[in-house]
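Take a look at the letters that make up each chain.
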Amino acid sequence: QVMFRAGKLAELEDIREFVLTKIIIKMQCHAWRLLVKTIYDCKKAEKKGLYSVQHNIRLYLTCRVGSD
């Protein structure tokens, strides 16, 4: 067992709590960033797919109307 002067253990506990809080906040930030990036990439791919479908439909309708 280690003996500390009065108040030193509380000071060390405060430092430990501060550092753990910083680490947890940083981990949450990275997790949130990854989640947002994943959602953004999914929405971006969906938009690209919709654009492609719309483009093909427009081409089809243009060709169909032109041949009538």
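A brief structural summary. (Residues numbered from 1 in each chain as written. Predicted model: local features only at pLDDT ≥ 70, side-chain atom pairs only at ≥ 80, totals over all residues. Heavy atoms only, no water.)

## With respect to the pattern of salt bridges
A side chain of one charge can pair with a side chain of the opposite charge when the charged atoms of the two come close. Following the criterion strictly, the structure yields three salt bridges and no others. Across the pair glutamate 11 and lysine 8 runs a salt bridge whose closest N-O atoms are separated by 3.7 Å. Taken as a pair, glutamate 11 and lysine 8 lie in helix H1 (residues 8–67) at a separation of three residues, close to a single helical turn. Its relative accessible area of 40% is what places lysine 8 among the partly exposed residues. Between aspartate 41 and lysine 37 there is a salt bridge, and its shortest N-O distance comes to 3.0 Å. Within this pair, aspartate 41 and its partner lysine 37 are both found in helix H1, separated by four residues, close to a single helical turn. The class for aspartate 41 is partly exposed, based on a relative accessible area of 35%. (Salt bridge = Lys/Arg side-chain N within 4 Å of Asp/Glu carboxyl O. Helix = DSSP H or I, 4+ residues; strand = E, 2+ residues; numbered from the N terminus. Buried < 20%, exposed > 50% of the residue type's maximum accessible area, 1.4 Å probe, protein only.)

## Section: the environment of methionine 27
Checked against the element boundaries, methionine 27 lands in helix H1. Its relative accessible area of 56% is what places methionine 27 among the exposed residues. With 32 residues separating them in the primary sequence, methionine 27 and leucine 59 have C-alpha atoms 48 Å apart.

## Overview of a nonpolar patch on the surface
A grouping of Val2, Phe4, Leu9, Leu12, Ile15, Phe18, Val19, Leu20, Ile23, Ile24 and Met27 is seen on the molecular surface, where their side chains present a nonpolar patch of about 1,100 Å² in accessible area. Counting through the fold element by element, phenylalanine 18 comes out in helix H1. Residue phenylalanine 18 is classed as exposed on the basis of its relative accessible area of 53%. (Patch = residues over 30% accessible without salt bridge, like charges linked within 9 Å, V, L, I, M, F, W, Y side chains within 5 Å. Areas by Shrake-Rupley, 256 points an atom, 1.4 Å probe, with all protein chains shown as cover.)

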